[in-house]
Amino acid sequence: MPYITIPKQFREPSRVIKSQLFLRPRRLAIFEACLIGLVAGIAGVLLKSGVGWLGSWRVASSTLIPVWILLPSVGLVGGFLTGLLVERLAPETAGSGIPHVKAALGGVNLALDLRVAVAKLLTTILAVGSGLSLGRQGPTVQIGASLAGWIGHLMPTSPDYRRQLIACGAAAGLAAGFNAPIAGVLFVVEELLQDVSGLTLGTAIIASFIGAVVSQLLGGDSLNLNLREYPISFQISEIPFYILLGVLAGIFGALFSKGIVASLNFNKRTLKLSLPVRIALAGIICGSVIAFLPETFRNNTGLREFLLTGEANAITSLTAFAAHFFLTIISAASGAPGGLFSPSLVMGSALGQLVGILQENSLGVGLPTTYALAGMGGFFCAVSRAPITAVVIVFEITADFKLVLPLMICSVVAYLVAEKVDSGSLYSHLLEFNGIQLTQVKAASNTLSDLHANDVMQRRVETLSSLLTLEEVMQAFSRSHHRGFPVVDGGKLVGIVSQTDLANASNRNFSGNSLLKEFMTVQPITVKATDTLSEVLYRLNNYHLSRLPVVEGRHLVGIITRSDIIRVESDRLSGQTTQGPHPEPSYVVYQTKAPQVGNGRLLVPLSNPQTAPALLRLAAAIARDRNYELECLQIILVPRNSSPSESAVRTTKSRRLLQQAERIIRTWNLPVHTQIRVAHDVPNAILETIKERHIDLILMGWQGELSTTGRIFGDVVDTVIRQAGCEVILVKWSDKLLLKGKTGDWGQKAQVRGEALRKESADSIDNNLPENPESQIAESPAPYSNIHTEELGLHTLMGLQRWLVPIRGSYKQAAALRLLPAFVAASALPEIKLCQVHQPSVTEPSRDELKQAAEFIKRRVSCSVIATTVCAKSVSDALIDQAQNDQCDAIVLGASREGLLKQVIHGNIPEAVARGCDCTVILVRSAS
């Protein structure tokens, strides 16, 4: 377990010293394994007691109430309540839970925590106790793994080590379920983890042993067999019958697995019922069938023990096998929380009893009990494809060495036959059904494990000296796009300074001459050059950081960021995406198309009917300027457990909004396409639309106050900014504009407002314009040339007259300036003010770039253009003051991808401006 340096703001010195003396990595591993075994064992006992109590009540009540009423009713009510709890508490608990654990151990990011453990415990008690043909041993694996994951969160460590803790929990859970510690370890190694490293094996053995001991002491034996009364025997002449048993177990085990997957597909594509209804329906079917079977069938544990005694005849054994075969398929396909281990053992014992009876009538050598036990192992192996676990788990239950050879023959033959009929375990098929390909997930995770920090890090690092003053540090931040700098003295890393440190220094009234060493973060979190990318990514996520210094000893050798990891992973994958638990692709349920006559395509996602008209008019102005087609998008969200292509949705409101959009855009004589997509989340649906429809520019609304830790503009906008290759424009509308315009009825009153606006502004027209605007429009090639005077109101961005545009850097690369002609072309009598902000401590910059920008704009628009410089400590404060003093209606901010996502000392500039002034704010991010 690697050592992690905790920054000073997170440390309590006395506690850290004690923990370092007591919790060494190996001691900590042993302690955590013991704790995991203890809690997993207790959880297993609680699950066994809960299922036993509810099942006993159900069986006892059947002697008082007619079984044909009681059992279906209990199955109906219990199943429906189970489905509700699963949906509300933890959808991850549906099914046996073993595929969930297998995916988590395979590198898929799935939840395994206390919430999942508690929900799995309660819902399994309710489902199995209500009579569904499922077992409790499978869920103990997920419960143990979830408790281990929770403990791993309480004691933060690396992802690889936490993965090993989850493996310990899974082993302890299975050991507690069967009182079989060796089988618990082998099942995790053979089926789930496929890893035999020293730490994993050692901790898993400890956790499994303690889990089994706790379960044995508090819960008793797993099977109550009196094998002295029914001795086990084996002779060479019986080998053909054990081979036959293995063949039958392999065939029916493979068919059992295929039946569950086929039923899941049927429920998903044909029935399309909600989870509570599916489980309730399975409960009614199980209760109804069992009600008409002998009383022995009402208790799965009792039935299994009855079959193992050898007293059951051929008809009873055949009935038990057939009933459990079909009822377990129905129960498992419903999504009910419950395991397949116990039903597999019942079916295996019934199948073994049939072959044992056949052998007894043919040779009369062996006893059916031995065949029933061997059949348990064979059928278990055919389902799980874990032959070693199958042999050991039955051996540990019986503790009889005479059973090992029959078990091995039956299990190996069953494994070979099952692989021939249907390759792969049931758990692998269930993962594939849920869209998870572990081979590709592991290939992606191997990228993070195989590469090290020194393979990816940036070796040229901008650093600061601890002797710099606060004023000098602020200048360094203003000149750079970085959000933090390592502090280095004599080649050694002594600290790190971030924008948060600067903000704290300002709040604590540090003077401009204060030295950096007084307010920097000392002992920062670092990584070694030899640390894997998995370890680097863990520390970035755990401490909510965007970059980490890379050190050798105390010497700084580089820096590594999230972008570096994403880039190298993308390179290693050669453009292939990982198959994981990502949302399904969105599905187009409604679409209209116009002639494809434009030079490009502009996408407008619509969600708010109040702001949609204003957004569409702005989009139309840009599209007309660039000769683009317009693409209007409406997204309908559905739950993750529903497929977008198969979900029933109402599109009335969405179609009505798109039809209104079409009417607005047609007044501009522009081609417009519309579509409605059903999706799991908005960002992916937008990105898919951008890719499929070859979008060149996307225009989106933005609320203005959404930044939180790790986010800049909110989930949707952040994702589009980071991943969309096209140009991105964000608009935060002024509240005054929306209240004044009541955007919903602009289309009806636009012409009236346009006339009023021209009359109201007649006295403020710049002298550069002629007295008669119509003559200017008719004679000039300016953007107004294709607008008829009587349509000016209809084609006007109402209320947007005075435009403020901050200039930084070269105007030739400013995306905002390139779009400004389109904006003002749709404004009534616009005025433009270009503004350049510099700090008091910085020499006033040359005005040449500003003058060139003004000339650039004047050549493209026919309106007043003013250029000015402003001296201020804060860019956002300067822009807010300018907007308020000049009564500006809109501020246009332009930046590159990196600049738009850049945080400054007091928050990001766009958010600060949007929050500080009541005017429309437009952000333009250039295409990548």
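Residues numbered from 1 in each chain as written. Predicted model: local features only at pLDDT ≥ 70, side-chain atom pairs only at ≥ 80, totals over all residues. Heavy atoms only, no water.

Some details on the overall build of the protein chain
Let me state the cut-off plainly: Starting at the N terminus, helices and strands are each numbered in turn, a helix being any DSSP run of H or I of at least four residues and a strand any DSSP run of E of at least two. Only protein chains enter the accessibility calculation, which uses a 1.4 Å probe; a residue is then buried when its area is under 20% of its type maximum, exposed when over 50%, and partly exposed in between. A contact between two residues is defined here by any heavy atoms of the two lying within 4.5 Å. Per-residue and other accessible areas were derived by the Shrake-Rupley procedure at a 1.4 Å probe size, with only the shown protein chains allowed to occlude residues.
Along the protein chain, the regular secondary structure elements total 36 helices and 16 strands. Considering the protein chain as a whole, with its 928 residues, one finds that 54% of them fall into the buried category. Expressed as a percentage of contacts within the protein chain between residues at least 6 apart in sequence, the contacts between residues at least 24 apart total 80%. Of the accessible surface of the protein chain, which amounts to about 40400 Å², a share of 55% is contributed by carbon and sulfur atoms.

Topic: the packing of aromatic side chains
What counts, and what does not: Between rings of Phe, Tyr and Trp, where Trp is taken as its six-membered ring, a pair exists when centres lie within 6.5 Å; planes separated by under 30 degrees are stacked, by over 60 edge-to-face, and by other angles tilted. Charges are assigned to positions over rings by a cutoff of 6 Å between ring centre and Lys NZ or Arg CZ, combined with an angular limit of 35 degrees from the ring normal.
In this structure the tally under the stated criterion is 14 aromatic pairs. One aromatic cluster in this structure is built from Phe-252, Phe-256, Phe-321, Phe-325, Phe-326 and Phe-379. The ring centre of Phe-433 lies 5.5 Å from the NZ or CZ of Lys-268, which sits over that ring.

Concerning unusual backbone geometry
Of note in this structure, Arg-385 is not a glycine but carries a positive phi near 55°. Of note, the phi angle at Asn-627 is positive, near 60°, even though the residue is not glycine. The exposure class of Asn-627 is partly exposed, given its relative accessible area of 40%.

What about the environment of Val-383?
With respect to the helices and strands, the residue Val-383 is situated in helix H15 (residues 368–384). Separated by 134 residues in the primary sequence, Val-383 and Ala-249 have C-alpha atoms spaced 9.2 Å apart. Once residues lying within four places of it in the same chain are set aside, the contact partners of Val-383 are Gly-253, Phe-256, Ser-257, Ser-344, Ser-425 and Leu-426.

Quick notes on the nonpolar core
Operational definition: Note on terminology: a nonpolar core comprises buried Ala, Val, Leu, Ile, Met, Phe, Trp, Tyr and Cys residues joined through side-chain atoms within 4.5 Å.
In this structure, Leu-606, Leu-630, Trp-803, Leu-820, Ile-832 and Leu-834 are the most contacted members of the largest nonpolar core, which totals 57 residues. The greatest single-element share of this core, amounting to 10 residues, is contributed by helix H25 (residues 612–626). If near-sequence neighbours (up to four positions away) are discounted, Trp-803 is found in contact with Leu-820, Phe-823, Val-824, Ser-827, Pro-830, Glu-831, Ile-832, Lys-833, Ala-890, Val-892 and Ile-922. Residues Val-51, Leu-121, Phe-297 and Val-355 belong to the second largest nonpolar core, which totals 50 residues.

A short note on the pattern of salt bridges
Here is the rule we go by: By definition, a salt bridge exists where a carboxyl oxygen of Asp or Glu is found within 4 Å of a side-chain nitrogen of Lys or Arg.
As enumerated under the stated definition, the model contains 13 salt bridges in all. Among the salt bridges present, the one from Arg-601 reaches Glu-629, with a minimum N-O distance of 3.1 Å. With Arg-601 in strand S7 (residues 600–605) and Glu-629 in strand S8 (residues 628–637), this residue pair connects regions lying 28 residues apart in the sequence. Note on Glu-629: relative accessible area 2%, which makes it buried. One salt-bridge network, in which partners are shared between bridges, spans Asp-531, Glu-535 and Arg-539.

Let's talk about the pairing of strand S4 (residues 547–552)
Formally: For two strands to count as paired, DSSP must find a minimum of two bridges between them.
Counting buried positions over the 6 residues of S4 gives 5, a clear majority of the element. Pairing geometry for S4 and strand S5 (residues 555–561), over 6 bridges, is antiparallel. The partner of Leu-548 across the bridge, within S5, is Ile-560. Where S4 hands over to S5, the hairpin turn is made up of 2 residues, of which Gly-553 adopts a positive phi near 70°.

Quick word on helix H23 (residues 533–542)
The element H23 is extensively covered by neighbouring structure, given that 7 of its 10 residues are classed as buried. Just downstream of H23, His-544 is the residue with a positive phi angle, here 55°.

Some thoughts on the state of the cysteines
For clarity, the threshold we go by: Cysteine sulfur atoms are paired as a disulfide whenever they come within 2.5 Å of each other.
For the structure on display, the rule yields 0 disulfides. No disulfide involves Cys-835; its sulfur sits 9.2 Å from the nearest other cysteine sulfur, which is in Cys-888.

Here we look at helix H14 (residues 341–362)
Spelled out, the test is: Here, expected helix span is obtained from the residue count minus one, scaled by 1.5 Å.
The end-to-end C-alpha distance of H14, which contains 22 residues, comes to 31 Å, matching closely the 32 Å that a straight helix rising 1.5 Å per residue would cover. Counting buried positions over the 22 residues of H14 gives 17, a clear majority of the element. One or two positions beyond H14, positive phi appears at Gly-364, with a value near 70°.

Focus on the packing of helix H10 (residues 239–271) against helix H13 (residues 314–333)
Relative placement of two packed helices is described by the angle separating their axes and the distance separating the axes. Short version of the rule: In this analysis, axes come from line fits to C-alpha atoms, helices being fitted only over the stretch in contact, and the angle between any two N-to-C directions falls in the range 0 to 180 degrees. Helix crossings are classified by the rotation of the near helix relative to the far one: an anticlockwise turn of less than a right angle makes the crossing left-handed, while a clockwise turn makes it right-handed. Lys, Arg, Asp and Glu make up the charged group, whereas Ala, Val, Leu, Ile, Met, Phe, Trp, Tyr, Cys and Pro make up the nonpolar group; the residues left over, Gly among them, are polar.
It is the contact of H10 with H13, at a shortest axis distance of 8 Å, that shows an interaxial angle of 35°. Here H10 and H13 pass one another in a crossing that is right-handed. For the pair H10 and H13, the contacting residues are Phe-252, Leu-255, Phe-256, Gly-259, Ile-260, Ser-263, Leu-264 and Asn-267 in the first and Phe-321, Phe-325, Thr-328, Ile-329, Ala-332 and Ala-333 in the second. Across the contact of H10 with H13, the residue classes break down as 10 nonpolar, 4 polar and no charged.

Observations regarding the pairing of S7
Note the cut-off: We call a crossover right-handed when, viewed with both strands directed away from the observer, the connection leading from the first strand over the helix to the second proceeds clockwise.
Burial analysis of S7 places 6 of its 6 residues in the buried class, which makes it a mostly covered element. Burial along S7 is two-sided: the face carrying Gly-600, Leu-602 and Val-604 and the face carrying Arg-601, Leu-603 and Pro-605 are both buried. Inspection of the sheet shows S7 paired to S8 by 6 bridges, in the parallel sense. Looking across to S8, one finds that Gly-600 is bridged to Tyr-628. Note that the unit made of S7, H25 and S8 has a crossover that is right-handed. Bridge count between S7 and strand S10 (residues 697–701): 2 bridges; the pairing is parallel. Bridging across to S10, Leu-603 finds its partner in Ile-698.

Remarks on the confidence of the model for the protein chain
As a reminder, the rule being used: Scored between 0 and 100, pLDDT is the confidence that the predictor attaches to each residue.
For the protein chain, per-residue confidence averages 78 on the pLDDT scale, and 78% of positions sit at 70 or higher. The element-level mean pLDDT for the protein chain is lowest in helix H31 (residues 773–779), coming to 30, with strand S9 (residues 672–679) highest at 94. Low pLDDT (under 50) marks residues 574–582, which in the prediction has 17 contacts with non-local residues, meaning those over four places away or in another chain. Under a pLDDT of 50 for its full length, residues 897–907 has, in the predicted model, 36 contacts with residues more than four places off or in other chains.

Examining the side chain of Asp-681
What counts is decided by this rule: Polar contacts, as used here, are pairs of N or O atoms within 3.5 Å; protein pairs need one atom able to donate a hydrogen and one able to accept it. Residues neighboring in sequence count only if both atoms are side-chain atoms.
Turning to its location among the elements, Asp-681 is positioned in the loop between S9 and helix H27 (682–692). Take Asp-681: its relative accessible area is 17%, and that puts it in the buried class. There is a polar contact of 3.0 Å between the side chain of Asp-681 and the backbone nitrogen of Asn-684.

A few points about a nonpolar patch on the surface
To keep things clear, this is the line we draw: Candidate patch residues must exceed 30% relative accessible area and have no salt bridge, after which like charges are joined if within 9 Å and Val, Leu, Ile, Met, Phe, Trp or Tyr side chains if within 5 Å.
Taken together, Phe-80, Phe-266, Leu-271, Leu-273, Val-277, Leu-281, Ile-285, Val-289 and Ile-330 make up a surface patch of nonpolar side chains, about 640 Å² in accessible area. Put simply, the parts of the chain that give the nonpolar patch at least two residues each are H10 and helix H11 (275–291). Broken down by element, the residue count for the nonpolar patch peaks at 4 residues, all from H11. Within the secondary structure layout, Leu-273 lies in the loop between H10 and H11.

As for the packing of H10 against H15
Note the cut-off: By definition in this entry, angles of less than 35 degrees are roughly parallel, angles greater than 145 are roughly antiparallel, angles of 65 to 115 are roughly perpendicular, and the rest are oblique.
The N-to-C vectors of H10 and H15 enclose an angle of 40°; their axes lie 8 Å apart at closest approach. Relative to H15, the element H10 is oriented oblique. Remark: the crossing between H10 and H15 carries right-handed chirality. On the side of H10, the interface is formed by Phe-241, Tyr-242, Leu-245, Ala-249, Gly-250, Phe-252, Gly-253, Phe-256 and Ser-257, while H15 contributes Thr-370, Tyr-371, Ala-374, Gly-375, Gly-378, Phe-379, Ala-382 and Val-383. Here the residues of the contact of H10 with H15 sort into 11 nonpolar, 6 polar and no charged.

Here we look at the environment of Leu-515
Structurally, Leu-515 can be placed in the loop between helix H22 (499–507) and strand S3 (527–528). The spatial distance from the C-alpha of Leu-515 to the C-alpha of Glu-472 is 9.4 Å, given a sequence separation of 43 residues. With residues up to four places along the chain from it excluded, the contact list for Leu-515 reads Ser-466, Leu-467, Leu-468 and Thr-469.

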